[in-house]
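Here's the letter readout for the chains.
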Amino acid sequence: IWQNVLDYIRQSITDVEYNTWFVKIRPLGVYNGVLELGVPTSFAGEWIKKHYTETIQEALLHLGAQTPRFELKVIPGNPVQEDIFSAAPEPGKSTDPRSRLNSKYTFENFVVGPNNSMAHAAAVAVAESPGKAYNPLFIYGGVGLGKTHLMHAVGHSVASRFPQLKIEYISTETFTNELIEAIQKDRMTEFRDRYRSVDLLLVDDIQFIAGKERTQEEFFHTFNALYEAGKQIILSSDRPPKDILTLAARLRSRFEWGLITDIQSPELETRVAILKMNAEYRGIRIPDEVFEYIAKVVTSNIRELEGSLMRVVAYASLNGVEISKQVAARALSDVFMAKAEYAPEEILRAVAEFYGLRTDELKGAGRRKEVVLPRQVAMYLIRELTHSSLPEIGQFFDGRDHTTVLYAIQKVQEALDNDTNLQQNLRAIRERLG
Ligand code: ADP
Ligand code: MG
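Being a predicted model, the structure only gives us computed values, none of them experimental.

Q: How should I be thinking about the overall build of the protein chain in this particular structure?
A: A tally of regular secondary structure across the protein chain gives 20 helices and ten strands. For the protein chain, with 434 residues in total, the buried portion stands at 48%. Of the roughly 21300 Å² of accessible surface on the protein chain, 50% is carried by carbon and sulfur atoms.

Here you go:
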């Protein structure tokens with residue numbers, strides 16, 4: 001049915017809009033009468049929701065849907081890249097079916113900054129002498145910070161240096177699915193041969209192995225076979241091995257045998273460099289001040305950063321205007337409009353829930369250690385996510401002085417620079433806010 005929906009929608013919008021937003025949507029299925037659609041980034045999701053909800057609903061009704069309900073789901077890790085803007089080379093399309101490597105994810109396209117230089121150096125070392133430098137190499141870091149990119153880069157580099165070596169890239173999810181299928185179809189020997197005969201095994205998002213006993217068991221044997229034969233293993237995860245709960249101890253200890261290295265969020269200069277590299281790769285020309293503007297306002301992760309750039313380019317082309325800082329600000333304005341959608345009360349509640357406190361404890365005068373940091377966090381988030389002024393926030397917290405609020409916000413900002421735990425907590429609270 002999705003193809004029919006697309007055909008219908010196509011009549012009512014321009015080709016540019018169609019190519020920008022609709023080609024990348026993947027129908028996922030219908031659940032309880034709700035059509036689920038996969039979108040590559042949360043920006044695309046927001047944009048489509050905001051601008052095309054009616055268009056899609058109308059198409060669904062036209063095609064006879066009872067209730068035209070749909071939901072957009074971000075499918076991260078979907079290597080589909082945006083590529084409509086110019087005669088730029090098509091990124092990310094040609095994947096080698098054998099090794100499942102994405103052609104965009106190379107060392108040349110990887111910007112090295114203080115946030116990822118260790119992981120990058122380790123990856124280069126491994127690519128130069130697979131099986132001999134660090135084995136396994138374990139790379140961890142938050143979503144969209146370049147783990148998958150780096151793994152693929154090693155794959156490409158090894159493939160060109162040592163053409164005879166067999167390379168296999170696999171997500172933990174696919175590994176699990178293939179394993180289940182092999183068990184069902186009685187093809188375990190094939191499955192084992194396949195993964196135990198490679199020279200370089202790249203396993204992405206290994207944290208998903210948590211709690212899957214059978215997969216852990218099988219992976220344990222795969223790991224041993226490869227390791228003993230001196231083959232290279234690279235693993236990625238959103239957290240270090242010690243934080244992957246319900247992971248068999250023998251696997252955890254093996255993950256820690258080689259080198260564990262992390263990727264952090266990129267700082268401003270690195271974000272600018274990544275944007276420039278991205279634009280160059282796509283053959284788009286953009287004034288420097290626009291890169292700087294986007295890099296300043298989008299700090300969450302690199303996927304969002306690239307998504308924002310894409311959005312600015314799409315916005316400019318849809319409106320037939322040159323890309324400038326003003327245009328960028330307008331294109332990204334609904335990202336910031338999101339600010340006003342939160343009420344201070346709501347943020348306070350989310351923070352209280354997260355820390356297991358009551359809202360009146362957060363507002364009140366208590367100086368207990370357990371409430372001081374959460375209170376500062378609440379002030380910080382209210383400042384970030386609403387238009388409230390410092391005196392207003394002070395008022396909200398039982399009539400505190402605005403300098404107290406300022407102090408709290410500065411405290412949190414300072415702590416955020418190097419406290420990854422706090423960074424994670426803030427992210428979790430924001431997710432609660434939705
Ligand atoms: P992760 O696997 O950590 O979630 P990805 O490797 O999928 O993140 O990276 C998300 C996006 O950001 C990809 O498009 C990737 O090419 C890009 N990216 C990440 N790190 C860098 C970097 N250092 N330089 C250039 N692009 C990067
Ligand atoms: Mg990834």
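Q: I'm lost on the pairing of strand β2 (residues 34-39) in this one. Help?
A: Consecutive side chains along a regular strand alternate between the two faces of the sheet. Buried residues dominate β2, accounting for six of its six residues. Residues Val34, Glu36 and Gly38 line one face of β2 and the alternating positions Leu35, Leu37 and Val39 line the opposite face, and both faces are buried. Here strand β1 (residues 26-31) hands over to β2 after two residues, with Asn32 in that stretch at a positive phi of 50°. Two strands pair when backbone bridges link them, and β2 and strand β3 (residues 70-74) are joined in this way by five bridges, in the parallel orientation. Counterpart to Gly38 in the pairing with β3 is Lys73.

Q: I would appreciate a short explanation of the packing of aromatic side chains in the present structure.
A: Where two aromatic rings form a pair, the distance of their centres and the angle of their planes describe that pair. Scanning the model with the defined rule gives 16 aromatic pairs in all. With a centroid separation of 5.3 Å and 55° between ring planes, the pair formed by Phe175 and Phe191 is classed as tilted. Of the two residues, Phe175 sits in helix α6 (residues 172-184) while Phe191 sits in helix α7 (residues 188-196), which places them 16 residues apart along the sequence. According to the relative accessible area criterion, Phe175 is buried, its value standing at 2%. Here a set of aromatic residues connected by ring pairs shows up, and it is made of Phe138, Phe175, Phe191, Tyr195, Phe219, Phe223, Tyr227, Phe255 and Trp257. The ring of Phe396 has Lys363 sitting right over it, with the charged end atom 4.3 Å from the ring centre.

Q: How do you make sense of the UniProt feature "binding site: ATP" (unreviewed entry) in the protein chain when you look at a structure like this?
A: What UniProt calls "binding site: ATP" (unreviewed entry) maps, in this numbering, to Gly144, Gly146, Lys147 and Thr148. Residue position: Gly144 is located in the loop between β6 (137-141) and α5 (147-161). Here Gly146 lies in the loop between β6 and α5. For Gly146, a relative accessible area of 17% corresponds to the buried category. Excluding residues within four positions of it along the chain, Gly146 makes contact with Phe110 and Ile263.

Q: Help me understand the confidence of the model for the protein chain in this model?
A: Parts of the model with low pLDDT should not have their predicted coordinates read in detail. Chain-level pLDDT for the protein chain is 86 on average; 91% of the residues reach the 70-or-more range. Taken element by element, the protein chain is modelled with least confidence in strand β4 (residues 95-96), mean pLDDT 46, and with most confidence in strand β9 (residues 232-237), mean pLDDT 98. Every residue in residues 78-97 is under pLDDT 50, and counting partners more than four places away or in other chains gives 49 contacts. Interface predicted TM-score (ipTM) for the complex: 0.99; the corresponding pTM is 0.63.

Q: Teacher, can you tell me more about the packing of α7 against helix α8 (residues 213-228) here?
A: Helix packing for two helices is described by the angle between their axes and how far apart those axes are. Packing of α7 against α8 leaves a shortest axis separation of 9 Å and a crossing angle of 45°. Considered as vectors, α7 and α8 are oriented oblique to each other. Every pair of crossing elements has a handedness; the one defined by α7 and α8 is right-handed. Of α8, the residues touching α7 (which contributes Met188, Phe191, Arg192, Tyr195 and Arg196) are Arg214, Glu218, His221, Thr222, Ala225 and Leu226. Its residues assigned to classes, the contact of α7 with α8 shows five nonpolar, two polar and four charged.

Q: What is the right way to read the side chain of Asn116 from this model?
A: As for its placement among the helices and strands, Asn116 is situated in the loop between β5 (101-102) and α4 (117-128). Leave out the neighbours within four places in its chain, and Asn116 touches Phe110, Val111 and Ile263.

Q: So what exactly am I meant to see when it comes to the site of ligand 1 here?
A: Taken together, 18 residues are adjacent to ligand 1, and Val111, Gly144, Lys147, Thr148 and His149 come closest. Between ligand 1 and Lys147 there is a distance of 2.8 Å, counted from an oxygen atom to a side-chain nitrogen or oxygen. In the model, an oxygen atom of ligand 1 is placed 2.7 Å from a nitrogen or oxygen of the Thr148 side chain. Calculation on ligand 1 without its partners gives an accessible area of 560 Å², and the protein chains cover 96% of this total. Breaking the shell around ligand 1 down by element, the ones donating at least two residues are α5 and α12 (302-319).

The rules behind these values
Residues numbered from 1 in each chain as written. Chains lettered and ligands numbered in written order. Predicted model: local features only at pLDDT ≥ 70, side-chain atom pairs only at ≥ 80, totals over all residues. Heavy atoms only, no water. Helix = DSSP H or I, 4+ residues; strand = E, 2+ residues; numbered from the N terminus. Buried < 20%, exposed > 50% of the residue type's maximum accessible area, 1.4 Å probe, protein only. Areas by Shrake-Rupley, 256 points an atom, 1.4 Å probe, with all protein chains shown as cover. Pairing = 2+ DSSP bridges. Phe/Tyr/Trp six-rings, centres within 6.5 Å; stacked < 30°, edge-to-face > 60°. Lys NZ or Arg CZ within 6 Å of the ring centre and 35° of its normal. UniProt positions renumbered as here; feature names shortened; annotations may be inferred. Contact = heavy atoms within 4.5 Å. pLDDT = per-residue confidence, 0-100. Axes fitted to C-alpha atoms, helices over the stretch in contact; angles between N-to-C directions. Parallel < 35°, antiparallel > 145°, perpendicular 65-115°, else oblique. Left-handed = near helix turned anticlockwise from the far one by under 90°. Nonpolar A, V, L, I, M, F, W, Y, C, P; charged D, E, K, R; others polar. Near = heavy atom within 4 Å. Polar contact = N/O pair within 3.5 Å; in protein donor to acceptor, adjacent residues only side chain to side chain.

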